[in-house]
Amino acid sequence: MNLKKTGAALAVIASLVTSGAIAKAEEYKVGLLLPFSGVYAGLGSHIENGFNLGLEHFGSELGSDTITVDKADTEADPASSLAKAKKMVLQDKDDVLVGLVSSAVLAAVRDFVHQSKTPLIVANAGNDEATGADCSPSIIRVSFSNSQINRPMGPWLAAQGKKKVYLMAPDYAAGHQMMEAFREGFVANGGEIVGETYPPLQGTTDYGPYLAAAKAANPDAIYVFFAGSAAITFVKQYKDFGIGEEIPLYGSGFLTSAAYVHVQGEAADNTTVALHYVPSIDTAENKAFQEAYQAKYEGKLASEFAVAGYDSARLVIEAIKAAGGDKAKFKEELAKVSFNGPRGPLRIDPATHNVVQNVYIYKNEWKDGKVVQTILETVPDVQDAPNGCSM
Ligand code: PHB
């Protein structure tokens with residue numbers, strides 16, 4: 001070996017790297033902040049599964065850069081989640097945080113990521129303010145906003161001839177924001193809200209008293225948001241009470257997510273909901289995604305949570321590619337990513353950093369021993385107004 005020549009070659013490479021002509025290999029550290037316990041536990045594991053599948057699918061595009069992942073359990077607890085986010089950034093030196101399921105947790109970490117300029121890819125939490133009045137150049141949301149999902153349902157339900165609706169959702173930011181977005185469009189189209197109730201997010205096991213109050217208000221329909229274990233319990237009790245035969249159930253589609261609609265089973269029959277993803281979307285991208293997900297995870301259907309994890313991984317990888325080894329550029333590139341994924345076309349709104357995407361209104365029907373989810377209408381390219389956001 002000619003040491004002199006090797007040394008000279010290394011010196012040339014080093015100078016190319018310093019001059020930026022060749023990018024040096026970077027390690028990107030991702031901190032996954034997700035609920036692995038509590039009311040939203042199942043959602044966290046779907047997001048993580050989707051994220052890992054995304055790393056597998058798009059990881060080969062990374063070139064010499066690498067990604068390492070660590071994770072922490074947020075439960076649905078704002079205070080401990082903020083402490084965990086701080087540890088990931090300040091102690092573990094993570095470059096980017098991914099995750100967050102609860103709107104209240106997102107509100108709790110907002111100031112920290114904004115002030116520390118840590119990029120945060122929101123993979124679920126819909127808190128309107130995070131891409132509205134409290135928006136931040138550091139926050140990019142790939143999932144949805146609470147109002148984005150529910151806004152199309154107000155005019156739609158009014159057009160179905162429903163005049164009087166009762167609202168129900170957990171008593172925290174997401175519950176209230178989702179109901180407000182529905183109310184606005186419903187009332188503007190001639191509908192009337194005849195009552196509403198907000199049970200506690202944590203620990204409600206008996207919806208009986210709430211359902212009795214809803215029935216007593218004599219509405220044409222009930223419109224709700226519930227997710228995770230609360231959605232399973234609520235839908236089953238709705239069926240057990242026999243209310244569905246008189247008063248049909250509508251809501252945001254987390255109610256009957258593919259993550260747990262098989263557990264709800266027949267109780268989910270004849271419910272109609274809106275969401276940014278349904279496993280039955282009939283596109284080549286979605287079919288390939290569902291096939292790969294089911295092959296990797298014991299035949300389980302991929303849910304909207306899994307898609308958010310998958311798309312988050314794609315976002316990180318595309319931004320790393322575009323950054324060419326420059327970590328400061330990586331942050332800027334995150335908000336510029338757009339692609340056609342399992343849910344359809346997806347882009348990040350430069351004015352708010354919220355995702356722009358289709359919303360699907362779909363119906364659940366119990367057929368031949370399983371729940372079939374049929375898309376009734378696609379509302380294309382749903383985009384939030386800036387709502388007080390200035391970057
Ligand atoms: C939220 O808190 O923003 C949230 C939680 C669970 C969902 C949707 C939204 O399924």
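That block above? That's the structure.
About the criteria used
- For every chain, the first residue of the written sequence is number 1, and numbering continues from 1 onward in sequence order.
- Thresholds applied to this predicted model are a pLDDT of at least 70 for local features of residues and 80 or more for the giving and counting of side-chain atom pairs; totals over whole chains, interfaces and linings are not thresholded and use all residues.
- Side-chain metrics in this entry use all non-hydrogen atoms of the structure; hydrogen atoms and water are not considered.
- Starting at the N terminus, helices and strands are each numbered in turn, a helix being any DSSP run of H or I of at least four residues and a strand any DSSP run of E of at least two.
- Between buried and exposed lies partly exposed: a residue is buried under 20% and exposed over 50% of the maximum accessible area for its type, with that area taken using a 1.4 Å probe on protein chains only.
- The contact criterion used is simple: two residues touch if any of their non-hydrogen atoms lie within 4.5 Å.
- Here, nonpolar core refers to any group of buried Ala, Val, Leu, Ile, Met, Phe, Trp, Tyr and Cys residues whose side-chain atoms link them within 4.5 Å.
- Counting rule for disulfides: a pair of cysteine sulfur atoms within 2.5 Å.
- Here a residue counts as near a molecule or strand whenever at least one of its heavy atoms sits within 4 Å of it.
- Under this definition, polar contacts are N or O atom pairs within 3.5 Å; protein pairs additionally need one hydrogen-donor-capable and one acceptor-capable atom, and for neighbouring residues in sequence, both atoms have to be side-chain atoms.
- Throughout, the Shrake-Rupley method with a 1.4 Å probe supplies accessible areas, and for residues the shown protein chains are the sole cover considered.
- Three residue categories are used. Nonpolar comprises Ala, Val, Leu, Ile, Met, Phe, Trp, Tyr, Cys and Pro, charged comprises Asp, Glu, Lys and Arg, and polar comprises the others, including Gly.
- When DSSP finds at least two bridges between two strands, those strands are taken to pair.
- The definition of a right-handed crossover adopted here requires that, viewed with the strands pointing away, the path from the first strand over the helix to the second runs clockwise.
- The aromatic pairing rule takes the rings of Phe, Tyr and Trp, using the six-membered ring of Trp, and pairs them if the centres are within 6.5 Å, calling planes under 30 degrees apart stacked, those over 60 edge-to-face and the rest tilted.
- Put simply, a charge is over a ring when the Lys NZ or the Arg CZ is close to the ring centre, within 6 Å, and near the line of the ring normal, within 35 degrees.
- For every element, the axis is a line fit to its C-alpha atoms; helices are fit only across the contacting stretch, and the angle between N-to-C directions ranges from 0 to 180 degrees.
- For classification purposes, an angle smaller than 35 degrees is called roughly parallel, one larger than 145 roughly antiparallel, one from 65 to 115 roughly perpendicular, and anything else oblique.
- The hand of a helix crossing depends on one turn: near helix anticlockwise from the far one by less than a right angle means left-handed, and clockwise means right-handed.

## Considerations on the side chain of Arg 314
Consideration 1: In this fold, Arg 314 is placed in helix α12 (residues 304–323).
Consideration 2: Taking relative accessible area as the criterion, Arg 314 reaches 15% and is therefore assigned buried.
Consideration 3: Every residue in contact with Arg 314, bar those within four places of it in the chain, is listed here: Phe 58, Phe 339, Asn 340 and Gly 341.

## Observations concerning the nonpolar core
Consideration 1: In terms of nonpolar packing, the biggest core is built from 105 residues, with Tyr 40, Phe 225, Phe 234 and Phe 254 touching the most fellow members.
Consideration 2: Residue contacts for Phe 234: discarding those within four places in its chain leaves Met 168, Tyr 207, Leu 211, Val 224, Phe 226, Leu 249 and Leu 255.
Consideration 3: Core analysis: the second largest hydrophobic core is formed by 17 residues, Ala 72, Leu 120, Val 122 and Ala 130 among them.

## Topic: unusual backbone geometry
Consideration 1: Look at Leu 100: it is not a glycine, yet its phi comes out positive at around 75 degrees.
Consideration 2: On the secondary structure map, Leu 100 appears in the loop between β3 (96–99) and α4 (103–116).
Consideration 3: Although it is not a glycine, Asn 218 sits at a positive phi angle of roughly 55 degrees.
Consideration 4: Mapped onto the elements of the fold, Asn 218 is located in the loop between α8 (208–216) and β8 (221–224).
Consideration 5: Classification of Asn 218 by relative accessible area gives exposed; the value is 51%.

## A word on the state of the cysteines
Consideration 1: What the rule picks out here adds up to 1 disulfide.
Consideration 2: A sulfur-sulfur separation of 2.2 Å characterises the disulfide bridge that pairs Cys 135 with Cys 389. An S-S torsion of about 85 degrees defines the bridge between Cys 135 and Cys 389 as right-handed. Of this pair, Cys 135 sits in the loop between β4 (120–122) and β5 (139–141) while Cys 389 sits in the segment after β14 (370–382), and the two are 254 residues apart along the sequence. The exposure classification of Cys 135 matches that of Cys 389, with both residues buried.

## Concerning the site of the ligand
Consideration 1: Around the ligand, the surrounding shell holds 17 residues, and the nearest of these are Ser 103, Gly 126, Tyr 172, Ala 227 and Phe 254.
Consideration 2: Val 101 places a polar main-chain atom, nitrogen or oxygen, 3.4 Å from an oxygen atom of the ligand.
Consideration 3: One of the backbone nitrogen or oxygen atoms of Gly 126 is found 2.9 Å away from an oxygen atom of the ligand.
Consideration 4: Bound to the protein, the ligand loses 100% of the 280 Å² it would expose on its own.
Consideration 5: Tallied by class, residues from the shell around the ligand come to 12 nonpolar, 5 polar and no charged.

## Thoughts on the environment of Val 261
Consideration 1: Tracing the backbone shows Val 261 in helix α10 (residues 261–264).
Consideration 2: Through-space distance from the C-alpha of Val 261 to that of Glu 196 is 25 Å; in sequence the pair is 65 residues apart.
Consideration 3: With residues near it in sequence (within four places) discarded, Val 261 still touches Thr 256, Ala 268, Asn 364, Val 371 and Gln 373.

## Digging into the pairing of strand β9 (residues 249–252)
Consideration 1: Bridge analysis of β8 against β9 gives 3 bridges, and the strand direction is parallel. Note on β9: the bridge partner recorded for Val 224 is Gly 251.
Consideration 2: In terms of handedness, the path from β8 via helix α9 (residues 228–240) over to β9 forms a crossover that is right-handed.
Consideration 3: Pairing geometry for β9 and strand β10 (residues 271–275), over 4 bridges, is parallel. By the bridge assignment, Gly 251 is partnered in β10 with Val 273.

## What to know about the packing of aromatic side chains
Consideration 1: What the rule picks out here adds up to 16 aromatic pairs.
Consideration 2: Aromatic pair Phe 289 and Tyr 293: ring centres 6.0 Å apart, planes at 45 degrees, arrangement tilted. Residue Phe 289 and its partner Tyr 293 are located together in helix α11 (residues 284–296), separated by 4 residues, close to a single helical turn.
Consideration 3: The structure contains a cluster of three or more aromatic residues connected by ring pairs, namely Phe 58, Phe 289, Tyr 293, Tyr 297 and Tyr 310.
Consideration 4: The positively charged end of Lys 71 is found above the aromatic ring belonging to Phe 36, 5.0 Å away from the centroid.
Consideration 5: Seen from the ring of Tyr 28, Lys 327 lies directly overhead, with NZ or CZ sitting 5.2 Å from the centre.

## Brief notes about the packing of α12 against helix α13 (residues 327–334)
Consideration 1: The N-to-C vectors of α12 and α13 enclose an angle of 130 degrees; their axes lie 8 Å apart at closest approach. Here α12 lies oblique to α13, going by the angle between them. The chirality of how α12 crosses α13 is right-handed. Residue-level contacts link Leu 315, Val 316, Ala 319, Ile 320, Ala 322 and Ala 323 of α12 to Lys 329, Phe 330, Glu 333 and Leu 334 of α13.
Consideration 2: Its residues assigned to classes, the contact of α12 with α13 shows 8 nonpolar, no polar and 2 charged.

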